[in-house]
Amino acid sequence: MQDLLTLLQALETSLHDPTLKGDADYVSRLLHQDFLEFGRSGTSYDKASICASLAAEYLPVTVWAQDFSLKVLGGETALPTCRSTHFAADSTLERHTLRSSIWVRVGQQWQVIFHQGTATPAFEKSTN
């Protein structure tokens, strides 16, 4: 299970990387065709709208994610959760969020089919 957590954590955090999240082909491969997101703002997104919005972002945002955990929902379905925050221009932390995703294995590729971000009170950045 630790190997799966490590893999899904790497896939999740790759979507925080400005060079990768601007790559429409890369993002499209990670998002399931039926992808749905409930954003921290309360807005719902599908695969097409996420791919378009990530490619359109021109200001790189530095995201910190921590406290990853994993629940295996079935042989080919997993639920990683974490907390994330953005670094503001002055290096303070903002936009603290609880995140959960449902990943499904399609052939040899893990794809995210659902994601939810929920605003949360500030938390301390951890290096664990």
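Please refer to the structure higher up on the page.
Residues numbered from 1 in each chain as written. Predicted model: local features only at pLDDT ≥ 70, side-chain atom pairs only at ≥ 80, totals over all residues. Heavy atoms only, no water.

**Regarding the pairing of strand S4 (residues 77-87)**
Across 9 bridges, strand S3 (residues 63-74) lies against S4 in antiparallel orientation. In the sheet register, Val63 faces S4, and the bridge partner there is His86. Counting the residues in the hairpin turn of S3 and S4 gives 2 residues. The pairing of S4 with strand S5 (residues 93-106) spans 8 bridges and is antiparallel. Bridge pairing links Cys82 to Arg99 in S5. (Pairing = 2+ DSSP bridges. Helix = DSSP H or I, 4+ residues; strand = E, 2+ residues; numbered from the N terminus.)

**What to know about helix H1 (residues 2-14)**
Between the first and last C-alpha of H1 there are 18 Å, a value that for 13 residues agrees with the 18 Å anticipated at 1.5 Å per step. Every buried residue belonging to H1 is among Leu4, Leu5, Leu8, Leu11, Glu12 and Ser14, and all of these are buried. Contact partners of the buried residues in H1: helix H2 (18-21), helix H3 (24-30), S3, S4, S5 and strand S6 (109-119). (Expected span 1.5 Å × (residues − 1). Buried < 20%, exposed > 50% of the residue type's maximum accessible area, 1.4 Å probe, protein only. Contact = heavy atoms within 4.5 Å.)

**With respect to the pairing of strand S1 (residues 31-38)**
Of the pairings in the sheet, the one linking S1 to S6 comprises 4 bridges and is parallel in character. Bridge pairing links Leu36 to Phe114 in S6. Two strands pair when backbone bridges link them, and S1 and strand S2 (residues 44-46) are joined in this way by 3 bridges, in the antiparallel orientation. Bridge pairing in S2 places Phe38 opposite Ser44. The antiparallel hairpin formed by S1 and S2 contains 5 residues in its connecting segment, where Gly42 sits at a positive phi of about 95 degrees.

**Here we look at the packing of aromatic side chains**
How two aromatic rings sit relative to each other is given by the distance of their centres and the angle of their planes. Per the counting criterion, the structure on display carries 1 aromatic pair. When the centroid spacing of 5.4 Å and the interplanar angle of 80 degrees are considered together, the rings of Phe38 and Phe114 count as edge-to-face. You can see Phe38 sitting in strand S1 and its partner Phe114 sitting in strand S6, a full 76 residues away along the chain. A relative accessible area of 34% means that Phe38 is categorised as partly exposed. We classify Phe114 as buried; its relative accessible area is 17%. The cationic tip of Arg83 hangs over the ring face of Phe123; the distance from NZ or CZ to the ring centre is 4.5 Å. Sitting above the plane of the Trp64 ring, Lys125 keeps its charged end 4.3 Å from the centroid. (Phe/Tyr/Trp six-rings, centres within 6.5 Å; stacked < 30°, edge-to-face > 60°. Lys NZ or Arg CZ within 6 Å of the ring centre and 35° of its normal.)

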